[in-house]
Amino acid sequence: MQTVRRYAPWMDAVDLNLLPALDALLAEGSVTGAARRLGLSASAMSRTLARLRAATGDPLLVRAGRGLVPSPRAVELRERVHALSRDAQAVLRPVADVLDPSALDCTFTLRANEAFVERFAAPLFLAVSAEAPRVRLQFVHKPDKDATPLRDGRIDLEIGVVGTTAPEVRSRLLFRDRYVGVVRTGHPLLSARTVTAKRLVAHGHVAASPGGETRGPVDDALAAVGLHRDVRVVVPGFTDALAMARHTDLVAIVPQSCLGSASPGRRSRASALDMFELPLKLPPLMVSAIWHPRLDADPAHRWLRGVVLAVCRAVYPAG
C-alpha cells in the first residue's frame, strides 16, 4: 500500500506572504523603509510586523530611542531569510521563452582576481554592450574561494579555479592555463641556456597570495624533487608580482594568461619582462565560470555565461 505523505499541521498556519515582508524589515531595520520597499502603508507594515512577532515568537525589531534595532534572533535570520526570499521569487517568477538582451537593464556582479580583470574586463564589457547596452558589470575583489557570496546572491558569477567547499555550485570550463616563470629582462637566471630547478631556487622569489600564504603548487612541485624556494616578498595578486619582478631580481611564477600572447623564451607584452618554461611538473590551471544552481534556468544569467565563455575563448584561445 502506498504511503500518503501529509504536511505537518503547522504548515496549514504558515503564511509564506510574510517571507518578503520579513526580508524587507530585516534589511531596512525600519517599518517605514520596509513599507516603502514593498509599496505598503506604514500601518499595514506595522500589522505585518505584529504577525511576524507572533509567528516567530520573537520581537525581531526593538525600539531604541527613535529607531529600531534587530534582536539577536533577527540578526541570525537576516541572511537566511534573504536567501529564502530570493529563491522563492526565482521559483515563482515566469521565465521568458526568448531573451532579448537589448531589453535587459540590470547589473551583473562578477568576482575575479585582478589579473582576469586586467585582461578580460574590457573585451567582456565591449561584448556585453554590443548586445545589451543597458547592462552594467561590477567586478569585485576575490580574497578567497568562499561560496557564501554565491549562495546569498551578492555575486552572480565567479571566475577562477574551482576550489569551493560548496558541493552545489555549478561550473563551466572557460580555458586551461599554466604557470610560467617571469623575470626582468637581463636577469642572471636566463644567462644560461637552460633554467634548471636548482638554478630556479638559487634566486629569491615573489609569491602572489591574497591571503598571505607562501606555500602553493610550485612549492609542492619543488618539494617533490627535494628543493625549497626562498620567498622574499608576498603580494596580494599576480599583477603585483609582475611589478616586483620588473623592478627587482625576484622571480615571479604566474599563470601564462597574465602575460597576454607572449610565449616562453620571448619577451612578454609587459615591458622589461622575460618569460621562461618552469623545470617542474605542475598541474594545469582550469579556469572556470562558477555560479549558484538557482541561476541555472535564469535566461539573463545563461546569456551572461555564454558571453563570458565566448570572450574568454576568443581572448585566450590557448584554452
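Look above for the structure.
A brief structural summary. (Residues numbered from 1 in each chain as written. Predicted model: local features only at pLDDT ≥ 70, side-chain atom pairs only at ≥ 80, totals over all residues. Heavy atoms only, no water.)

All told, the structure shown has 2 aromatic pairs when counted by the stated rule. Centre to centre, the rings of F116 and F120 are 4.6 Å apart; their planes meet at 20 degrees, and the pair counts as stacked. With F116 and F120 both in helix 5 (residues 114-131) and 4 residues apart, this pair spans about one turn of that helix. When sorted by exposure, F116 lands in the same class as F120, which is buried. Taken together, a centroid distance of 5.5 Å and an interplanar angle of 20 degrees make the contact between F120 and F175 stacked. In this pair, F120 sits in helix 5 while F175 sits in strand 6 (residues 170-177), placing the two residues 55 residues apart along the sequence. Each of the two residues, F120 as well as F175, counts as buried. Three or more aromatic residues link up through ring pairs in this structure, and these residues are F116, F120 and F175. Sitting over the ring of W291, R305 keeps its end group 4.2 Å from the ring centre. (Phe/Tyr/Trp six-rings, centres within 6.5 Å; stacked < 30°, edge-to-face > 60°. Helix = DSSP H or I, 4+ residues; strand = E, 2+ residues; numbered from the N terminus. Buried < 20%, exposed > 50% of the residue type's maximum accessible area, 1.4 Å probe, protein only. Lys NZ or Arg CZ within 6 Å of the ring centre and 35° of its normal.)

Spatially, the 5 strands line up as an open sheet ordered 9-8-10-7-11, and their pairing is mixed. Strands with a single pairing partner mark the edges of an open sheet, and in this sheet they are strand 9 (230-235) and strand 11 (273-276). For this sheet the average axis-to-axis angle between neighbouring strands, irrespective of direction, equals 35 degrees. Across the sheet, helix 9 (residues 238-247) is in contact with strand 7 (179-184), strand 8 (204-208), strand 9, strand 10 (251-255) and strand 11; its angle to strand 10 comes to roughly 150 degrees. (Pairing = 2+ DSSP bridges. Axes fitted to C-alpha atoms, helices over the stretch in contact; angles between N-to-C directions. Contact = heavy atoms within 4.5 Å.)

What follows concerns the packing of helix 1 (residues 18-28) against helix 4 (residues 72-92). It is at 9 Å that the axes of helix 1 and helix 4 come closest, and there the two elements cross at 130 degrees. Comparing their axes, helix 4 and helix 1 come out oblique. The two elements helix 1 and helix 4 meet at a crossing, and its hand is left-handed. Counting all contacts with helix 1, which are made through L19, P20, L22, D23 and L26, the residues of helix 4 involved are A74, L77, R78, V81, H82, L84, S85 and A88. Grouping the constituent residues of the contact of helix 1 with helix 4 by class yields 9 nonpolar, 2 polar and 2 charged. (Parallel < 35°, antiparallel > 145°, perpendicular 65-115°, else oblique. Left-handed = near helix turned anticlockwise from the far one by under 90°. Nonpolar A, V, L, I, M, F, W, Y, C, P; charged D, E, K, R; others polar.)

Along its 15 residues, helix 3 (residues 42-56) runs 21 Å from first to last C-alpha, staying within 8% of the 21 Å computed at 1.5 Å per residue. Every buried residue of helix 3 is accounted for by A44, M45, T48, L49 and L52. Here the buried residues of helix 3 occupy an arc of 140 degrees about the axis, which is enough to place them on one side. Along helix 3, the residues that are exposed and aim more than 90 degrees away from the buried face are R47 and A54. In the core, the buried residues of helix 3 are packed alongside helix 1 and helix 2 (31-38). One or two steps after helix 3, the chain reaches G57, where phi turns positive at roughly 70 degrees. (Expected span 1.5 Å × (residues − 1). Arc of directions from axis to C-beta.)

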